[in-house]
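This is what each chain is made of:
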Amino acid sequence: MNEIRIFLVDDHAVVRDGLNLLLNAQSDMIVIGEAAEGNEALLKIPKVNPDVVIMDLSMPNGRDGLPTTSELVQNFPDIKVLILSMHDDPDSLFRALRAGASGFLLKSSLGQELVTAIRQVHSGQAYLYPNAQKRVIEHVFHDTGEEYNDSFDLLSEREKEICSLVAKGYTNKETGELLNISPRTVETHKSKIMEKLKLTTRRDLVQFALKRGLLDN
């Protein structure tokens, strides 16, 4: 039986060490690489081609898990991403699923649950911890009145800056001068922003920014 090739992304070395011990002890798994944040992961992952990436949701000292997952899934659709999070909240769950994650698991889960989750997403299925399953079912079958369509966290930090400035009425030239980049680069970022947020006009962008409170800063 071929081993499941796993890549770890977490900003805490002690967590990566613990996962290494747990996963390498499984007869059908092997950890082939690790990274401390998203940008490092995106550089290393194409070189080792893992089957499953274990992705920390929050990495304050680098690129976070959501935008990293989104870019990873878009560029390498065969790689499965399993999100690990400390927070049991619906907002994180639905944003992770929208980013393309195949599974979502709490860091407080027992080791055997993580092993099961890895095998499940590797086989092409989704994996959600029990409370998350309940929330997805409620979201599908009941009108809860809650909104989980906000893809703002999929934007890079530079894209967030440009999104705010453009919504406030700054031209490409003015935005470029403020951020020390060319107007052409601003336009490229704007196109990516509109695509990620699924918007079509500048008016849509302004309305989105207003809802997010970006015009208050």
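Thresholds applied
Residues numbered from 1 in each chain as written. Predicted model: local features only at pLDDT ≥ 70, side-chain atom pairs only at ≥ 80, totals over all residues. Heavy atoms only, no water. Helix = DSSP H or I, 4+ residues; strand = E, 2+ residues; numbered from the N terminus. Buried < 20%, exposed > 50% of the residue type's maximum accessible area, 1.4 Å probe, protein only. Contact = heavy atoms within 4.5 Å. Areas by Shrake-Rupley, 256 points an atom, 1.4 Å probe, with all protein chains shown as cover. Salt bridge = Lys/Arg side-chain N within 4 Å of Asp/Glu carboxyl O. Pairing = 2+ DSSP bridges. Right-handed = clockwise from strand over helix to strand, strands pointing away. pLDDT = per-residue confidence, 0-100. Axes fitted to C-alpha atoms, helices over the stretch in contact; angles between N-to-C directions. Parallel < 35°, antiparallel > 145°, perpendicular 65-115°, else oblique. Left-handed = near helix turned anticlockwise from the far one by under 90°. Nonpolar A, V, L, I, M, F, W, Y, C, P; charged D, E, K, R; others polar.

1. With respect to the overall build of the protein
Counting its secondary structure elements, the protein contains 10 helices and 6 strands. A buried classification covers 43% of the 217 residues belonging to the protein. Put simply, 63% of the contacts in the protein that link residues at least 6 apart link residues at least 24 apart. Counting only carbon and sulfur atoms, one obtains 50% of the accessible surface of the protein, whose full area is about 11700 Å².

2. Regarding unusual backbone geometry
For residues that are not glycine, phi is negative in most cases, and the peptide bond is trans in most cases. Positive phi values are uncommon outside glycine, yet Asn-180 reaches one of about 60 degrees. Along the polypeptide, Asn-180 turns up in the loop between helix 8 (172-179) and helix 9 (183-197). According to the relative accessible area criterion, Asn-180 is exposed, its value standing at 72%. In this structure, Lys-198 takes a positive phi of about 60 degrees despite not being glycine. Assignment of secondary structure puts Lys-198 in the loop between helix 9 and helix 10 (202-212). A relative accessible area of 65% places Lys-198 in the exposed class.

3. Describing the pattern of salt bridges
In total, this model carries 10 salt bridges according to the counting rule given. Lys-107 is the partner of Asp-10 in a salt bridge, and the nearest nitrogen-oxygen pair spans 2.9 Å. With Asp-10 in the loop between strand 1 (4-9) and helix 1 (13-24) and Lys-107 in the loop between strand 5 (103-106) and helix 5 (111-122), the pair connects residues that are 97 residues apart, well separated along the chain. Residue Asp-10 is classed as buried on the basis of its relative accessible area, which comes to 2%.

4. Things to note about the side chain of Lys-160
Tracing the sequence through the fold places Lys-160 in helix 7 (residues 157-167). When neighbours within four sequence positions are excluded, Lys-160 is seen to be in contact with Phe-152, Asp-153 and Leu-155.

5. Brief notes about the environment of Arg-16
Note on placement: Arg-16 falls in helix 1. Not counting residues within four places of it along the chain, the set of residues in contact with Arg-16 comprises Leu-8, Asp-10, Asp-11, Glu-34, Ala-35 and Ala-36.

6. Section: the pairing of strand 1
Residues in a regular strand point their side chains to alternate faces of the sheet. Most of strand 1 is tucked away, with 5 of its 6 residues classed as buried. Where strand 1 lies against strand 2 (residues 29-35), 6 bridges are found, and the strand directions are parallel. Considered in strand 2, the bridge of Arg-5 is made with Ile-30. What joins strand 1 to strand 2 is helix 1, and the crossover it makes is right-handed. Judged from the 4 bridges that link them, strand 1 and strand 3 (residues 52-56) form a sheet pairing that is parallel. Along strand 3, the bridge assignment pairs Leu-8 with Ile-54.

7. Side note on the confidence of the model for the protein
Low-pLDDT stretches of the model should not have their predicted coordinates read in fine detail. Looking at the protein as a whole, the pLDDT averages 84, with 88% of positions reaching at least 70. Ignoring residues within four places in sequence, the model shows residues 139-149, a span with pLDDT below 50, making 9 contacts including any to other chains.

8. Some remarks on the packing of helix 2 (residues 38-48) against helix 3 (residues 65-75)
Where helix 2 meets helix 3, the closest approach of the two axes is 9 Å, and the angle between their N-to-C directions is 20 degrees. The angle between the axes of helix 2 and helix 3 places the two elements in the roughly parallel class. Seen from above, helix 2 lies across helix 3 with right-handed handedness. Between helix 2, through Gly-38, Leu-42 and Ile-45, and helix 3, the contact on the second element is made entirely by Thr-68, Glu-71 and Leu-72. A breakdown of the residues in the contact of helix 2 with helix 3 according to their chemical character gives 3 nonpolar, 2 polar and 1 charged.

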